[in-house]
Each structure stands twice: as C-alpha cells, then as structure tokens.
Amino acid sequence: MNKALEEALQNCENEPIQAPESIQPHGVLLALDYKLNILRVSQNTQGFLGIHAEDMLQKPLRSFFRLPETLETRLKNYQHSTTSQQSNFYFQPNNLYELDCITNQKKYSCLVNFQEKYLLLELEQFTFEHLLPDGFTISKELIFSFHQAPQKLEEILSENLQRLQKLTGFGRLGIYKFDHQWNGQIIAEVKKENMPSYLGLHFPASDIPAQARALYTKNWLRLISDVNYTPAPIIGIPPLDHPLDLSFSTLRSVSPVHIQYLKNMEVKASCSISLIIDGQLWGMIVCHHDAPLYLSPQKRIICVHIGQMLSIQVSTYEKQQHKFLRERQESRFKMIGNRLIEADNLLSELKNSAHHLMEILHATGLWGTIGNQELLEGNVPASPAERQILHHFLKDYFQKHDKPFITDSLEKTLKISDEFTEKASGVLALPISRRNNNFLVWFKQEKITFVTWGGQPTKDIVMADGHKKLLPRASFAKWKTKVRGESTPWVLNDLKGLTALKNAILTNLLMRSEKIAERKEELEKEVAKKTESLKKIKNQLEDMVVSLKESNEELENFAYATSHDLQEPLRQISTFVQLMEKRMGGRLDAKEQSYLKFIVDGTENMQALIDDLLEYSRLTRQKYANEKIDLNQLVAKVLHLFQETIQNTQAQIRLDSLPVIAGKKVLVQQLFQNLLSNAFKYRKPDVPLRINIEAEDKTNHWQFVVTDNGIGILPEFHEAIFQLFKRLHTKHAYKGSGMGLALCQKIVQQHLGNIWVNSAPDVGSSFYFTIPKTFTKT
Ligand code: ADP
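Here's what I pulled together on the structure shown here. The structure presented is a predicted model; accordingly, all values stated were derived computationally and were not measured.

Calculation rules
Residues numbered from 1 in each chain as written. Predicted model: local features only at pLDDT ≥ 70, side-chain atom pairs only at ≥ 80, totals over all residues. Heavy atoms only, no water. Helix = DSSP H or I, 4+ residues; strand = E, 2+ residues; numbered from the N terminus. Buried < 20%, exposed > 50% of the residue type's maximum accessible area, 1.4 Å probe, protein only. Pairing = 2+ DSSP bridges. Salt bridge = Lys/Arg side-chain N within 4 Å of Asp/Glu carboxyl O. Near = heavy atom within 4 Å. Polar contact = N/O pair within 3.5 Å; in protein donor to acceptor, adjacent residues only side chain to side chain. Areas by Shrake-Rupley, 256 points an atom, 1.4 Å probe, with all protein chains shown as cover. Nonpolar A, V, L, I, M, F, W, Y, C, P; charged D, E, K, R; others polar. Core = buried A, V, L, I, M, F, W, Y, C linked by side-chain atoms within 4.5 Å. Contact = heavy atoms within 4.5 Å. Patch = residues over 30% accessible without salt bridge, like charges linked within 9 Å, V, L, I, M, F, W, Y side chains within 5 Å. Lys, Arg positive; Asp, Glu negative; His and termini not counted. Charge placed at Lys NZ, Arg CZ, Asp CG, Glu CD. Axes fitted to C-alpha atoms, helices over the stretch in contact; angles between N-to-C directions. Left-handed = near helix turned anticlockwise from the far one by under 90°.

1. Focus: the overall build of the chain
Looking only at helices and strands, the chain has 19 helices and 30 strands in total. For the chain, the proportion of its 778 residues judged to be buried stands at 46%.

2. Here we look at the pairing of strand β28 (residues 701-708)
Counting buried residues along β28, six of its eight residues qualify, which places the element largely inside the surrounding structure. In this structure, strand β27 (residues 690-698) lies alongside β28, joined through eight bridges in antiparallel fashion. Within β28, the position partnered with I693 by the bridge is V706. The loop that links β27 with its antiparallel partner β28 comprises two residues; one of these, T699, has a positive phi angle of about 65°. Pairing of β28 with strand β30 (residues 764-772) involves eight bridges; the strand directions are antiparallel. Across the sheet, the residue bridging to Q703 is T770, located in β30.

3. Looking at the pattern of salt bridges
Per the counting criterion, the structure on display carries 22 salt bridges. The shortest N-O distance in the salt bridge between E327 and K323 comes to 3.5 Å. Taken together, the residues E327 and K323, both in helix α10 (residues 297-342) and four residues apart, mark about one turn of the helix. One salt bridge connects E522 with R519, and the closest N-O pair in it is separated by 2.8 Å. One end of the pair, E522, and the other, R519, are both in helix α14 (residues 496-584), three residues apart, so they sit about a helical turn from each other. Under the relative-accessibility criterion, E522 is labelled partly exposed at 42%. Among the residues examined, R519 registers a relative accessible area of 42% and is labelled partly exposed.

4. Here we look at helix α19 (residues 740-750)
Listed as buried for α19 are L741, A742, L743, C744, I747, V748 and Q750. Positive backbone phi, approximately 60°, marks L752, located one or two places after α19.

5. Quick notes on the sheet that holds strand β1 (residues 22-23)
Read across the sheet, eight strands follow the order β1-β12-β3-β2-β7-β6-β5-β4 without closing on themselves; strand pairing throughout is antiparallel. Since the sheet does not close on itself, it has two edges, and those belong to β1 and β4 (65-66), each with one partner. The pairing of strand β2 (residues 28-32) with strand β7 (residues 118-125) spans five bridges and is classified as antiparallel. Bridging from a neighbouring strand, L29 pairs with E122 of β7.

6. Quick notes on unusual backbone geometry
The backbone of Q105 sits at a positive phi, close to 65°, despite the residue not being glycine. For Q105, the position within the fold is in the loop between β5 (96-101) and β6 (107-115). For Q105, a relative accessible area of 57% gives the class exposed. We note that D278 has phi near 50°; this positive angle belongs to a residue other than glycine. Within the secondary structure layout, D278 lies in the loop between β13 (269-277) and β14 (280-289). For D278, a relative accessible area of 64% gives the class exposed.

7. Some words on the site of the ligand
As a matter of local geometry, the ligand sits amid 21 residues, with N678, Y682, R727, G738 and L741 nearest to it. G740 has a polar backbone atom sitting 3.3 Å from an oxygen atom of the ligand. Calculation on the ligand without its partners gives an accessible area of 520 Å², and the protein chains cover 98% of this total. Elements supplying a minimum of two residues to the shell around the ligand: α18 (665-681), α19 and β30. Of all the elements, α18 adds the most residues to the shell around the ligand, at three residues. When its residues are assigned to classes, the shell around the ligand shows nine nonpolar, eight polar and four charged.

8. Here we look at the nonpolar core
The biggest cluster of nonpolar side chains holds 61 residues, and the ones touching the most others in it are F170, I175, I285 and L310. In contact with F170, not counting residues within four places along its chain, are Q165, L223, A269, S270, C271, C287, H288, H289, L293 and L295. Core analysis: the next-biggest nonpolar cluster, separate from the first, contains 39 residues, L671, F680, L689 and I771 among them.

9. Notes on a negative patch on the surface
Taken together, the side chains of E514, E518, E521 and E524 define an acidic patch exposed on the protein surface. Relative accessible area serves as the criterion here: at 49%, E521 is assigned to the partly exposed category.

10. Considering the environment of I186
Within the secondary structure, I186 is located in strand β9 (residues 184-191). Relative accessible area serves as the criterion here: at 6%, I186 is assigned to the buried category. Put simply, I186 and F203 are 17 residues apart on the chain and 8.4 Å apart in space, counted from C-alpha to C-alpha.

11. Some remarks on the packing of α18 against α19
Two elements in contact, α18 and α19, have axes whose closest approach is 9 Å; the angle formed by their N-to-C orientations is 145°. The chirality of how α18 crosses α19 is left-handed. Facing α18, whose interface residues are L667, V668, Q670, L671, N674, L675 and N678, α19 presents G740, L741, L743, C744, I747 and V748. Class assignment for the residues of the contact of α18 with α19 results in nine nonpolar, four polar and no charged.

As structure tokens, then:
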C-alpha cells in the first residue's frame, strides 16, 4: 500500500460517521432527557408534524404526543437499563410504538433508542402493515432451506435472498462476504434483469472502512431510502456539548463518500443487513435499488430478524462443514498414524503414506527429516541449499513457537527463488521433535490467480481541507489483477489430526530406541551367558584332558604291571614244560607229545601277547603301519586259538578271502581276537553260532566286518561300549573286564581307521572297522 493511500485511508477512518449531526429526512428524531423534555430535534419537523423544530425545543414530549401506556412504562425503565440491553432490544417488534400527534391528529411509528443521557425517539409515518405472518414464514423457510438435501452455501443463500427480495422489493440483493483481510466478495446474488451483476466480484477492504464495520457490528441494519436525500440537521439550545451519537439510530445520515459511492454505482436506494457470527462481522446482505425505496420499521424489524437467523444458520452450517472436514482429516491422519506407530522402518512407511498425507491437505509436495534421513516426495524444491535456508528458518521458528508454521505465501516471510516459489508458495511445517530436529513439511505449489475486482481497487485520492481524502471509485467496471506467489489456502480445521500424526511418529521413534536398547541388553545377556558356558566347557575340557591323561597313564601302568607280572609264571610254565619234555621225551606217545606242543605253543603265544601288550601299553598317537600282514594267515591263526571253543559251540564260521594290509601284526591279531572272542562270548545259548568275517575294498581303505547272530546290543549303547571298562553285563553273566572294545578302538585308531557297530538285540551284531591302504613307515 502506498503512503498516500495509507494516509487517505486513515483520514477516512477518522470520519465521525456515527455522529453526523443530521438524519435522513424520512423521519424525525427527538432527543429527550429523562423527564421527557425535548433537548434536540431534527429540523424537518415542520413538513412531518406541522410544528417548527425550534418550537419543540425545551418542551415536554407530552405537549405534542399522546403516549401509549406501554411506552410510558418503557421510558420509565430506560434510565435503569444498560446500553447493551438497549441495543439488543432496538430492532425488536416490541420496541415499535404508535404515537398520536396532538397537533395534527396523525399516527406515527416510533422506535426508541437510548444514548448516554438521551432518550432518542425516531418517528416515521405510520403505515398499517401486518407483516408478522410474512416474517414467520420467511424465517421458517430459511431454517428449512439449511436442512434440506445438501447444497452449496451459496445456493442456500441465493434462495433466501429471493425471499428477502419478495419482502422488500429491492432490485438487487447480494451476500457480501469478508475475507481475513476485510476484502469482500459477492458470493450470492439475486437481481432484476436490468441491474448489473456483481456476483463473484471482489471489493477492497477500503470500500467498507473499519469504523463503518464497527457500526455494522453494533447496528444490524442501515437503510438509505433515497441517495439524493437532503440531510435534516439536528438542532438544540446552544451551547451544545457534543454531537449526538447516532450509532443505534435508524435515521442516521450517512457519509457523503458513501453516497457518492452508491451514486457511482447508479444505485438510488440501499439497505445493508449485517451477518454477525460469534460477535464478528462475517458479511452483509447488501440490497440495492435503481429507484428510491423506503422500508417501514416493521419491514426493517423483519429484515434484521432474517439477518440474525441467517447468521445463526450460516454459523451452524460452517461449523458443521468444519466439523465434518475436521473429523475426516483427523481420522485419516489417525489411520496413517496407526500404521506409522507399528512400522519397522518409519521412513519407508512415511514414503508409502506420502500420497495420502499430501492428499489430506491438498498438498503437492512432502519434505521432512526423520532421524538423519530425508524424505522427499512429490513436487519439492530441488535445491538442497534453499531447502536448508527454509530448514534454518523453521528451526528458529520452532524454538519460539510450539505450533505448526503455516503460510499461503512463503515469499512474504522468506526471500526465495522463483523455482522455490513455484513449488512451495504454500508451506505447512509440523515440528515432530525439536530436540532431534525432526519435522514434516507439506508444500503447495504457486497458484497464479486472477482476482476480478468490482472496479479498480485503488480509489482516487484528493486533497481536501489540507488532508488527503479518498474519493469513491467512479467506475465499477470489472478490473482484473494477477496474484502471484500464493498457493490456495490451507484448509486445516484444527490441529488435532496433525497432533495425532506427530504423536504417532514420536511413539514410533521412542519405541524404536527402546527396542534397540532392549535388543542390546538381550545381546549383552546372551554374550555373557555364552561366555559363561564356554568357560564351563573349557574347564570341563581341561578336566577331561587331565583325567584322560591320568586314565591313559593308569591304563599303561596297569597294562605294564599286569603283563610284567604274568611273564614270571609264564616263564615257569614254559621252563617246566621244556624240562618235562626233556625227561619224558622218549616215553611219550604221539598224542601226549602233541599236547605238550600245544602247551609250549600256548605259552609262547601268550608270551608274545604279553610282550606286545607291554609294547601296546606304551602306544602313543603315532602313525603305526609298517608290517605287511596277510590277514588270511592272521585270522586262521586266531581261529586256531579258538579251536576248542569252535568245536564246543559248533560254531559256523564263514570267511571271505581277506587282503594283505599294512599294520602292526600283533595289534591286528589282537583286534580280530577281541572281536571273535566277544562273538563267542555273547552268543545266544540255544542258537547255533554263526560268524562271518568279510572284507570290502573301498578304494582308499579296506572295510572289515565281523558279524555274529548273538544277543545283540541296544542302540543306546552302540557308542558307549567302546569306552574303557564299559560293560553291559555283570561278571557273573559274562566274564570280562570291559577293556576289549576299547583296545580294539585304540588299535584301529593307531592304524588311522574307524570302528563302529551295527546291532539289534536278539538279532546279532556287526562290528565294522576300516584300515587305510596306504603303507606308511614309522
Ligand atoms: P567285555 O567283553 O570284557 O565286557 P568289551 O569291551 O569287549 O568288554 O565289550 C564291552 C561290552 O560290549 C560287553 O560287555 C558286551 O556287553 C558288549 N559286546 C561286545 N561285543 C559284543 C557282541 N559281539 N555281541 C553282544 N554284545 C557285545
């Protein structure tokens, strides 16, 4: 706004329009004291009452009029009531009285008004009009019109303008609605064909200046029945202290600027009815006519009533619309919020919901930072540097305000580039957490609009009395302005939905950090537990190594001691058998000699075994395969040892052709001997024993199996039986020490092979073992 216009507007606002010291001449005004003496009077009484104004001054009202009793009571009560009660009462039907003039015997309508120390009576020609039924019908229809099938507000308003047009006879009626800057727009209109339309046109705030708006808020109706009227001045006995305040007057003369304004519009009569919502001027019903038009006080009372009803209905309508929109927005935000609370990945869920988030607010872009990540969806300004500028601004803003930043025109707040303006004229920024600098920003792109004004909005300014004054616009020809740098306004009915969304994001962030902390705690606990159990295992292993060492040593000692102790008696047997042979040599028959040989062989064999055992007891884990062993011979030799048992048990032994292998002969013999010994020992007493000895070539190694049809072994013992001294039976049932299979295992391991068993109770057992083919030297 330029300076001259500002100054002119200021001067215009200072004009005392509530106290013009004159009235319109379609009535007379009397100002009385409480004793009902006339103190001031409008000068037009002669034509109206047939009495000179000056003759009325200082005279009691009763000398000119007969007052109805109702008015008498009312006037008495006036001095005890407050101004606000007066003003509320002013346009009520029971504020309208009939007065009989004593001088000319005529009837007058009288509206009573109270102003400071005066009682103001405004008299108009009495017209007999019984309008109450019309009033009721119109107001009933008005209420119904708001409760019919959903219609646009503008349509409902037009419908009601028609009713008012019928009542008043005005040629053009419009609803003039104020925006937040007090510019106005005609949003609904009904009119006679010959009058120009102003529907959709905008009017600048200066057309209805602040003090005029203040008057419209106090006094619901202002009638100018003829723009060419000659004002009737108000006179009194001098000295007059100050001009009469005519805020509540119905005859008050209007500003010449306004009269000129109407004349320029080619309007001859006008009436404005205020629409007030929650104490604030929401708009006005503006009625124009192309000829003078007078409305009786009765009609004006109905008009005010309609204005008040319309205000209430519009207010309810708008509140319902807001409520509907608010609830829809809120529930949509909440729905997205619920998904966000649960989301494992907040940012990607925000991305998934971005389309809906933008749609709710009719936004074109969504930008945000969550944690250290940036969200860029839709149409967002491309330059990171410029986004950073906005970010800084918002950071600063959120430090000072705990509420969203909302604008339809960012360039009014921040200096931004054209590209930024294009994509982000509208900004709605929601702080999520100020401490962590998280926020969400909705952008609305620039919407270049053309506003059609009812004439060029800047009025002419002239110098008058040394002051700059506004001249009313001479032309109301449509005049368009292009509006840039603005988006469509944000329709945000309250912040509940946004708050719900913000809380959901915060909850997610909180839950996530708690989950991380919990997981960390769990992991720490798990690690501690595992470390503890590893420690235990390590200790157990160490204990086992120690005990294994000990038991190995024990075993070796035992084996050594036993074999050592056995050597002596064996030597004795051998020595004495040899002695016996020498002394009885010739006297023995062949059979006896073969027995002796058996004994000698047996002792020798035993001697060898003991020697080998001695050696075995010192076995270490070294590779041990240095002799060629023909297993056919070796097994035959072993079977020979069991000859007697074989005969006694009538065992059937099936023998494969066996290979030549590499190994320690004495040990391999021990191996077969132990396995066969067990097969004999654990046979089923009532079933003929069958033993199979087989060998299979497995390329790199030989696999042997000694199978019997004995008592078998339960599966749970298949591994345990290879342990040292592990026995499944008592000594009474089967003799033995539990060392046989442990030695077998050790022998096989010494030859780098494996040993295992396949067995089922009552079916029999197969002892498998492998010996690698590689012939290695020690
Ligand atoms: P011992 O024969 O001195 O008891 P071993 O180490 O040779 O000790 O055998 C361990 C255990 O395995 C035996 O007590 C026996 O219960 C079982 N066993 C070994 N060989 C056979 C087999 N051929 N049939 C059934 N059970 C067997």
